[in-house]
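Chain by chain, the residues:
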Amino acid sequence: VKNVYPQREPLLSTTLENLARGKLPEEAYPFVNASDRRGPAREAIVFIVGGSTFAEARAVAQLNSSNDVPGQFVLGGTSVLRSKDFMAGLQELAKHSRRHR
């Protein structure tokens, strides 16, 4: 395995940091109403339908061990995706798409 480190930070990192600081953009997250909360989130469970990646799991672990971001996060999902799985899913989707045109 040549490249075991992700080249980009998952969007999930920024989203959880903003959640913990009470700074999620309302236009992107209208269901999170600041007036309904008593300050920034201290705990959150994130469940990704379709599967999460190892990079996302690593990002959550880093946030949990960091003193810079308040809060604790739990990551779950329907599966853990590898790049091979993701590419196979895209190929299957392309085949399905061509059949139903």
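Residues numbered from 1 in each chain as written. Predicted model: local features only at pLDDT ≥ 70, side-chain atom pairs only at ≥ 80, totals over all residues. Heavy atoms only, no water.

With that out of the way, let us pick up the overall build of the protein chain. Summing up its helical and strand segments, the protein chain has 3 helices and 4 strands in all. Start at the N end of the protein chain and walk to the C end: the helices and strands fall as α-β-β-α-β-β-α. Each of the 101 residues in the protein chain was classed as buried or not, and the buried ones make up 21%. Counting every atom, the protein chain has about 8,000 Å² of accessible surface; 54% of that belongs to carbon and sulfur. (Helix = DSSP H or I, 4+ residues; strand = E, 2+ residues; numbered from the N terminus. Buried < 20%, exposed > 50% of the residue type's maximum accessible area, 1.4 Å probe, protein only. Areas by Shrake-Rupley, 256 points an atom, 1.4 Å probe, with all protein chains shown as cover.)

The tally for this structure, following the rule as stated, stands at 2 salt bridges. Of the charged contacts, one joins E17 and R21 as a salt bridge, the two residues approaching to 3.8 Å between their closest N and O atoms. Given a relative accessible area of 28%, E17 falls into the partly exposed group. On the basis of relative accessibility, which here comes to 36%, the residue R21 falls in the partly exposed class. Notably, a salt bridge pairs D85 with R82, separated by 3.2 Å at the nearest N-O pair. (Salt bridge = Lys/Arg side-chain N within 4 Å of Asp/Glu carboxyl O.)

Here we take up the nonpolar core. Of all hydrophobic cores here, the largest spans 13 residues; its most connected members are L12, L16, L19 and F73. Those elements that place two or more of their residues in this core are α1 (11-20), β1 (43-48) and α2 (54-65). Considering each element in turn, this core owes the most residues, 4 residues, to α1. (Core = buried A, V, L, I, M, F, W, Y, C linked by side-chain atoms within 4.5 Å.)

Glancing now at the confidence of the model for the protein chain. In the predicted model, the protein chain carries a mean pLDDT of 84, and 85% of its residues have values of at least 70. The least confident element of the protein chain is helix α3 (residues 83-99), whose mean pLDDT is 87; the most confident is strand β3 (residues 72-77), at 95. (pLDDT = per-residue confidence, 0-100.)

Our next topic: a nonpolar patch on the surface. Side chains of F86, M87, L90 and L93 sit close together on the surface and give an oily, nonpolar patch of about 400 Å² of accessible area. Structurally, the position occupied by L90 is in helix α3. (Patch = residues over 30% accessible without salt bridge, like charges linked within 9 Å, V, L, I, M, F, W, Y side chains within 5 Å.)

Another point: the pairing of β1. Of the two faces of β1, the one lined by A44, V46 and I48 is fully buried and the one lined by E43, I45 and F47 carries no buried residue. Sheet topology places β1 next to β3; 6 bridges connect them, and they run parallel. Looking at β3, one finds that A44 is bridged to F73. (Pairing = 2+ DSSP bridges.)

What follows is about the side chain of S52. Looking at the secondary structure, you find S52 in strand β2 (residues 52-53). For S52, the contacting residues outside a window of four places in its chain are L75, S79, V80 and L81. (Contact = heavy atoms within 4.5 Å.)

A word on the environment of V80. Looking at the secondary structure, you find V80 in strand β4 (residues 80-81). V80 sits 32 residues away from I48 along the chain, and the two C-alpha atoms are 9.6 Å apart. With residues up to four places along the chain from it excluded, the contact list for V80 reads S52, F54 and D85.

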